[in-house]
There are 2 protein chains.
Amino acid sequence: MKTSLPAGHLDAWRKYYTSFWRVFAAIEADLSAAGLPSLSWYDVLYELYLSPDHHLRMCELARSALLSRSGLTRLVDKLEKEKLIERKSCPSDGRVYHAQLTAKGVETLRKIWPVYRAGIAKYFASQLTEAEARDIERSLAKIAASLESVAETAGAAECEKD
Amino acid sequence: MKTSLPAGHLDAWRKYYTSFWRVFAAIEADLSAAGLPSLSWYDVLYELYLSPDHHLRMCELARSALLSRSGLTRLVDKLEKEKLIERKSCPSDGRVYHAQLTAKGVETLRKIWPVYRAGIAKYFASQLTEAEARDIERSLAKIAASLESVAETAGAAECEKD
DNA sequence: CGCTTTTAGTTGCGGATGCAACAAAAATCT
DNA sequence: AGATTTTTGTTGCATCCGCAACTAAAAGCG
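Residues numbered from 1 in each chain as written. Chains lettered and ligands numbered in written order. Predicted model: local features only at pLDDT ≥ 70, side-chain atom pairs only at ≥ 80, totals over all residues. Heavy atoms only, no water.

**Student:** Just to check I follow, could you spell out the protein's contact with DNA strand C for this structure?
**Tutor:** With respect to spatial proximity, 20 residues lie near DNA strand C, and among them A:Cys59, A:Arg87, B:Ser68, B:Ser70 and B:Gly94 are the closest. B:Ser70 is positioned such that a nitrogen or oxygen atom in its side chain is 2.7 Å from a base nitrogen of DNA strand C. Within the contact set of DNA strand C, a base oxygen lies 3.2 Å away from a side-chain nitrogen or oxygen of B:Arg74. Contributions of two or more residues to the surface near DNA strand C are made by α3 (58-64), α4 (69-81) and β3 (93-101) of chain A together with α4 (69-81) and β3 (93-101) of chain B. (Near = heavy atom within 4 Å. Polar contact = N/O pair within 3.5 Å; in protein donor to acceptor, adjacent residues only side chain to side chain. Helix = DSSP H or I, 4+ residues; strand = E, 2+ residues; numbered from the N terminus.)

Right, here's the structure in full:
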């Protein structure tokens, strides 16, 4: 595993880190100002929306939505209280619950998206050419993919080797 | 202000969003596993380190370190308790406090950096060529710069126009 | 078949952080 | 100068979230 860090890569990291927090905060502020739920709610609803039959096991949903299992449990509690999803027990595995997107959940997704999209456009996309967007997508896809399986045990294995 | 969002730009956003959270979580996990403070501590200490005489007003530090004023107040409380910084009142403005990096603060910065650098290298830089890193730096610099002044009033002005 | 290990989801707890309200000081205006 | 507004930092409060411990169920193993 490569651990050297050329100056150009460090510069890229700094911009990546700073730009992300600023864009993220700006989008969250827009959502909040519009009286809409935060991006973590959107992420969960959207992952369910993408899934076949709009449902997913809790642990898979946690991974897709970039949350810990406990974090997801609480978030699903709130989403269920708002009738945006339902918990359904799994017939073939008594440990498993599926989160099932409701019609109201889809509706909420459709309310959030215009504001979210406008935020992405204003704070992120408006600064990028088509070519830049394509290059970023390609480069960052490699990074996202390389960390796909890293769930709750992040870094442990590699750390022990040092 | 442009609010349309081409598909390529949306794809770029998705990878940006997902990759960032995964890399961030992985680095935080490594720091935690090494018994080191989190990135928010590093950010504050590092911004002070970069500043002339290693000190900065609270509100400037909050902006540089990507925190709210209240968030910074609490973080500075903890850093001061650990003797990593000192609060110094400003002679020319009675409202202002300066956070002053201490020798122990510099030392802590030097303890965090190797682990942080290794994380950046492992989870971020190792996936990018020199050219990709350069392009990302250039593209994201524009985004970061366009949001430089957006502090606690993020999005408000633009939102009212819609 | 029992016993152990693993997996899925939940809960107690504590830490981190933002918003709104506040106090103090400075700046601005008349 | 006195009154108003703005700026700076802090605090009360609420929310979000992860880790560790726990329960229940399934899988693996003798």
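From this point, the narrative continues.
**Student:** I would appreciate a short explanation of the packing of helix α2 (residues 39-50) of chain A against helix α5 (residues 103-124) of chain A in the present structure.
**Tutor:** A pair of packed helices is captured by two measures, namely the crossing angle of their axes and the spacing between those axes. All names here are of chain A. Closest axis-to-axis distance for the α2/α5 pair is 10 Å, and the angle between their directions is 125°. Considered as vectors, α2 and α5 are oriented oblique to each other. For α2 against α5, the interelement crossing comes out left-handed. Facing α2, whose interface residues are Leu-39, Tyr-42, Leu-45, Tyr-46 and Tyr-49, α5 presents Gly-105, Val-106, Thr-108, Leu-109, Arg-110, Ile-112, Trp-113 and Tyr-116. For the contact of α2 with α5, the per-class residue count stands at 10 nonpolar, 2 polar and 1 charged. (Axes fitted to C-alpha atoms, helices over the stretch in contact; angles between N-to-C directions. Parallel < 35°, antiparallel > 145°, perpendicular 65-115°, else oblique. Left-handed = near helix turned anticlockwise from the far one by under 90°. Contact = heavy atoms within 4.5 Å. Nonpolar A, V, L, I, M, F, W, Y, C, P; charged D, E, K, R; others polar.)

**Student:** Help me understand unusual backbone geometry, please; the structure alone is not making it clear to me.
**Tutor:** A negative phi holds for most residues other than glycine; trans holds for most peptide bonds. All names here are of chain A. One non-glycine residue with positive phi stands out, namely His-54, at about 60°. Take His-54: it is sitting in the loop between α2 and β1 (55-57). For His-54, a relative accessible area of 27% puts it in the partly exposed group. (Buried < 20%, exposed > 50% of the residue type's maximum accessible area, 1.4 Å probe, protein only.)

**Student:** Just checking my understanding: could you explain helix α6 (residues 130-146) of chain B for this structure?
**Tutor:** One turn of an α-helix holds 3.6 residues; hence residues three or four places apart share an orientation. Over its 17 residues, α6(B) extends 25 Å from the first C-alpha to the last, a length consistent with the 24 Å expected when each residue adds 1.5 Å. Within α6(B), burial applies to B:Glu132, B:Ala133, B:Ile136, B:Ser139, B:Leu140, B:Ile143 and B:Ala144. In the core, the buried residues of α6(B) are packed alongside α1 (7-33), α5 and α6 (130-146) of chain A together with α1 (7-33) of chain B. (Expected span 1.5 Å × (residues − 1).)

Note that all results are geometric; they support no functional claim without further evidence.
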